[in-house]
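# Coordinate analysis (summary)
Take a look at the letters that make up each chain.
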Amino acid sequence: MTVPRDGRLHRIAVLTGHNVLLRRRDPAHFVSYLVMPMVLMLIFKGMLGEPTQAVTGLLVMFSVLSMADVATATLTERTWHTWDRLRATRATVPEIMIGKAVPVFAVLVVQQAVLLVYGVLAVGMRLPGPVWPLALAVTAWSFALLCVGTAIAGVVRSQGELSTLCNIAALSVSALGGALVPYALMPAWAQAVAPISPGYWATTMLQAAVRGDLAGTAGPAAVLAGLGLAAGAFACRRLSKGWGRAAVV
């Protein structure tokens, strides 16, 4: 059955295709967020002596940095003064967000999958259990990053604010979450506040998934999915309330 040209699926498909084209024209961040963690994984492995900690920790850190790309997908509409035009079309806010989310979600999944494969082949990380818990972990973490990044786009007003916020968030989330240093080696105060960091749940989830521990993967995945749903609801409300060049809310 063909989808009418004015149908919802057609609008989402057009928006998705447009955003895929924008991603293909500017892959610089994607490449840099692959190459930099690859180099650092080898260095951290030598320092920590634990491939899993090096791979999962740096994966978390650089995937948080990728939130800037997630937010940019929406923030550029304000920069280019095209958000009001886009809202004037028949596309609803959820349709616009889905059209922007699909390519970005794919980029996040591919980034993490490539780094995990690199971790196994080049860094020496072992996967003693099944691989599918890793697929669950990557999906949950990518979903959380996608929704939080979109919510951030509804709050910041410029690329400068976005870069500052994402850089600080990447370091804070990674450090407090045990991504850079094993949780057991962190000071007592840091261990006490670690659970407030999404990086803690992401690192715990990924390390459990590497071990093939389904229960250890599902719990943090549920926490991150809840975070993503809350952030996604906030983003929908924010972007539907006049966000754009004509009104800053």
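The rules behind the values
Residues numbered from 1 in each chain as written. Predicted model: local features only at pLDDT ≥ 70, side-chain atom pairs only at ≥ 80, totals over all residues. Heavy atoms only, no water. Helix = DSSP H or I, 4+ residues; strand = E, 2+ residues; numbered from the N terminus. Polar contact = N/O pair within 3.5 Å; in protein donor to acceptor, adjacent residues only side chain to side chain. Contact = heavy atoms within 4.5 Å. pLDDT = per-residue confidence, 0-100. Patch = residues over 30% accessible without salt bridge, like charges linked within 9 Å, V, L, I, M, F, W, Y side chains within 5 Å. Areas by Shrake-Rupley, 256 points an atom, 1.4 Å probe, with all protein chains shown as cover. Salt bridge = Lys/Arg side-chain N within 4 Å of Asp/Glu carboxyl O. Phe/Tyr/Trp six-rings, centres within 6.5 Å; stacked < 30°, edge-to-face > 60°. Buried < 20%, exposed > 50% of the residue type's maximum accessible area, 1.4 Å probe, protein only. Axes fitted to C-alpha atoms, helices over the stretch in contact; angles between N-to-C directions. Parallel < 35°, antiparallel > 145°, perpendicular 65-115°, else oblique. Left-handed = near helix turned anticlockwise from the far one by under 90°.

## Concerning the side chain of Gln-111
- In this fold, Gln-111 is placed in helix 6 (residues 93–123).
- At 3.4 Å, the side chain of Gln-111 forms a polar contact with the backbone oxygen of Tyr-33.
- Excluding its chain neighbours within four sequence positions, the residues that come into contact with Gln-111 are Phe-30, Tyr-33, Leu-34, Phe-62, Ser-63 and Ser-66.

## Thoughts on the confidence of the model for the chain
- Across the chain, the average pLDDT comes to 85, with 94% of residues at 70 or higher.
- In the model of the chain, helix 5 (residues 83–88) stands out as the element of lowest mean pLDDT, 74, in contrast to helix 10 (residues 198–211), which has the highest, 94.
- Across residues 245–249, confidence stays below pLDDT 50; counting only partners more than four residues off in sequence or on other chains, it has nine contacts.

## A few points about a nonpolar patch on the surface
- A surface patch of nonpolar side chains, amounting to about 510 Å² of accessible area, comprises Val-31, Val-35, Val-39, Ile-43, Met-47 and Leu-48.
- When you line up the elements, Leu-48 lands in helix 2 (residues 28–48).

## Notes on the packing of aromatic side chains
- All told, the structure shown has three aromatic pairs when counted by the stated rule.
- On the numbers, 6.3 Å between centres and 55° between planes, the contact of Tyr-33 with Phe-62 is tilted. Residue Tyr-33 is located in helix 2, and its partner Phe-62 is located in helix 3 (residues 51–65); the two are separated by 29 residues in the primary sequence. The residues Tyr-33 and Phe-62 share a single accessibility class, namely buried.
- Measuring from centroid to centroid gives 5.1 Å for Tyr-200 and Trp-201, while their planes differ by 85°, and the two rings are edge-to-face.
- For Tyr-200, a relative accessible area of 18% puts it in the buried group.

## Some thoughts on the environment of Leu-229
- The residue Leu-229 is located in helix 11 (residues 214–239) in this model.
- Counting along the chain gives 82 residues from Leu-229 to Cys-147, while the straight-line C-alpha distance between them is 7.2 Å.

## Details of the pattern of salt bridges
- Tallying each qualifying case throughout the model produces two salt bridges.
- In this structure, the salt-bridge partner of Glu-95 is Arg-11, at a minimum N-O distance of 2.8 Å. Here Arg-11 lies in helix 1 (residues 8–25) and Glu-95 lies in helix 6, a separation of 84 residues in the sequence. Just as Glu-95 is buried, Arg-11 falls in that class too.
- When the shortest N-O distance is used, the salt bridge between Arg-211 and Asp-213 registers 3.8 Å.

## Considering the packing of helix 3 against helix 10
- Running from N to C, helix 3 and helix 10 cross one another at 140°; their axes reach a closest spacing of 10 Å. Judged on the interaxial angle alone, helix 10 and helix 3 are oblique. Seen from above, helix 3 lies across helix 10 with right-handed handedness. In this structure, helix 3 contributes Thr-52, Gln-53, Thr-56, Leu-59 and Val-60 to the contact, and helix 10 contributes Gly-199, Ala-202, Thr-203, Leu-206, Gln-207 and Val-210.

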